[in-house]
Amino acid sequence: AVMIRGGIDHRVMGCDLFTLARGGIHAACGERATLTSGGLVVENNRVYDFSRIDRAYTPAVWLDGVGARIAHNRFHDSPHQAMRIEGNDHSIVFNEVFNVVYESDDQAGLDMWGDPSYRGNEINYNFWHHIASPLERHGQAGIRLDDAICGVRMYGNVFYQSAGGIFGAIQIHGGKENVIDNNLFIDCASAISYSPWGPDRWKESLGSEHFQQRTTGRVDITAPPYSERYPELARLTENADQNLVLRNLAVGCEAFAIRESGANLYADNVQLAADPGFRDAGRMDFRLDDDNPVFTLGGFRSIPFDLMGVYADAWRASAPDDLGKTSAP
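Residues numbered from 1 in each chain as written. Predicted model: local features only at pLDDT ≥ 70, side-chain atom pairs only at ≥ 80, totals over all residues. Heavy atoms only, no water.

## Quick notes on the environment of E96
- Tracing the backbone through its elements, the reader meets E96 in strand β13 (residues 96-100).
- A residue is classified by how much of its surface remains accessible, and E96, at 0% relative accessible area, is buried.
- In sequence terms E96 and F75 are 21 residues apart; their C-alpha atoms lie 6.3 Å from each other. (Helix = DSSP H or I, 4+ residues; strand = E, 2+ residues; numbered from the N terminus. Buried < 20%, exposed > 50% of the residue type's maximum accessible area, 1.4 Å probe, protein only.)

## Description of the sheet that holds strand β2 (residues 11-13)
- Taken together, the nine strands give an open sheet; going across it, the order is β2-β6-β9-β12-β15-β18-β22-β25-β28, and neighbouring strands pair in parallel fashion. In this open sheet, the two edge strands, each paired with only one partner strand, are β2 and β28 (265-267). Between one strand axis and the next, the sheet turns through 5 degrees on average, direction left out of account.
- Pairing geometry for strand β22 (residues 179-181) and strand β25 (residues 244-246), over three bridges, is parallel. What sits directly across from V179, in β25, is L244. (Pairing = 2+ DSSP bridges. Axes fitted to C-alpha atoms, helices over the stretch in contact; angles between N-to-C directions.)

## With respect to the environment of L206
- One can find L206 in helix α1 (residues 198-206).
- You can call L206 buried: its relative accessible area is 13%.
- A C-alpha to C-alpha distance of 27 Å links L206 and R137, two positions 69 residues apart in sequence.

## Brief notes about the nonpolar core
- Grouped together as the largest cluster of nonpolar side chains are 50 residues, with contacts concentrated most on F75, M83, L110, W128, I143 and F185.
- Where this core is concerned, the elements lending two or more residues are β4 (25-31), β8 (61-65), β11 (83-85), β13, β14 (107-113), β17 (139-146), β21 (170-173) and β24 (190-195).
- With residues near it in sequence (within four places) discarded, F185 still touches F159, A169, I170, I180, A191, I192, N248, L249, A250, V251 and C253.
- Of all hydrophobic cores here, the second largest spans 20 residues; its members include F94, V251, F278 and V294. (Core = buried A, V, L, I, M, F, W, Y, C linked by side-chain atoms within 4.5 Å. Contact = heavy atoms within 4.5 Å.)

## Structural notes on the state of the cysteines
- In this structure the tally under the stated criterion is zero disulfides.
- Just so you know, C29 is unpaired, no disulfide at all, and the nearest cysteine sulfur is the one on C15, 15 Å from it.
- Taking relative accessible area as the criterion, C29 reaches 2% and is therefore assigned buried. (Disulfide = S-S within 2.5 Å.)

## Considerations on the environment of V12
- Topologically, V12 is positioned in strand β2.
- Overall, the relative accessible area of 7% leaves V12 in the buried class.
- Sequence separation between V12 and E43 is 31 residues, and the spatial gap between their C-alpha atoms is 6.4 Å.
- Every residue in contact with V12, bar those within four places of it in the chain, is listed here: V2, I4, I25, V41, V42, E43 and N45.

## Considerations on the packing of aromatic side chains
- This structure, assessed with the given rule, holds 15 aromatic pairs.
- Aromatic pair Y125 and Y155: ring centres 5.7 Å apart, planes at 85 degrees, arrangement edge-to-face. Placement of the pair is Y125 in the loop between β15 (122-124) and β16 (127-129) and Y155 in strand β18 (residues 153-155), with a sequence separation of 30 residues.
- By relative accessible area, Y155 is classed as buried at 10%. (Phe/Tyr/Trp six-rings, centres within 6.5 Å; stacked < 30°, edge-to-face > 60°.)

## Side note on unusual backbone geometry
- Here the bond from P224 into P225 is cis, since omega is 5 degrees, no more than 30 degrees from zero.
- Along the polypeptide, P225 turns up in the loop between α2 (209-214) and α3 (226-229).
- For Y125, which is not glycine, the phi torsion reads 60 degrees and is therefore positive.
- Assessed through its relative accessible area of 22%, Y125 is described here as partly exposed.
- Of note, H130 is a non-glycine position whose phi angle comes to about 55 degrees, a positive value.
- Mapped onto the secondary structure, H130 falls in the loop between β16 and β17.

## Digging into the pattern of salt bridges
- Scanning all chains against the criterion turns up 23 salt bridges.
- A salt bridge links D111 to R144; its shortest N-O distance comes to 2.3 Å. Note that D111 is positioned in strand β14 and R144 in strand β17, a separation of 33 residues in sequence. Judged on exposure class, the residue D111 and its partner R144 are both buried.
- In this structure, the salt-bridge partner of R144 is D146, at a minimum N-O distance of 2.8 Å. Grouping residues by exposure puts R144 and D146 together as buried.
- Several salt bridges converge on common partners, so that one network encompasses R84, E86, D106, D111, R144, D146 and R214. (Salt bridge = Lys/Arg side-chain N within 4 Å of Asp/Glu carboxyl O.)

Pasting the structure below:
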């Protein structure tokens, strides 16, 4: 529906994009070689019933470049991904994503793939729910970091019934230095899943033609601005599969983490079998009162659940039919 190539400070705001043969918004803004932000903002949009003809890799948002903000959107009803994110220093925040990847395997609501130079990306305060498919050879996740995606920070997300097959709500395939902090997982087969590579495969993959084309063939990670902005790139061959997992809360999940390699670092996570006192779990209101005892069990802190998704605004194309959370069909 919307194609953006180049330029700075574009805004896609308050739009309703629906009944689409392909995807919603495809944008590439900013300069990766210099890490110059494109200033793109995609905010308060509804993109739904997309990928009707081309049913794979036509997401609600396909993003490349540097420094975009994807915020307060509602993406739903698609057989494949809701977001595909490439590039650096993007902020994915306060979105609601549901009823996607229902015809797909080895996929997720948000997918990143194949380039360890994609750094500085943050996926915070999003609500992922009802993400699954009968195709379970691999699985479906809320967030999938595939093939050596590193350095992504995931903070304050809420995942409800967003893990299918052998995937957790967050699936990490071969990546390291990702941070999973203060997220809430509810009724997921597992909160987190890994497909660890080990040091030998990690080093072999970094030296492969594929990675040379996708990293040093496009940007120089050994020189400024990359070496200064992301100093951890100098240690790219070290600490394979090591991610940081802390202060998360899992409720009603069969497992907290599966296929653990032993390399990951954990602190102050809590797993509970029963509802700890959500405002109204039956209506997907997963707020917790400030005096809830769950806040004394580990390091988990309050999440601003009521801010996730679209909001009423004079610039919206139409008034949202439900400013609260929307159940999947």
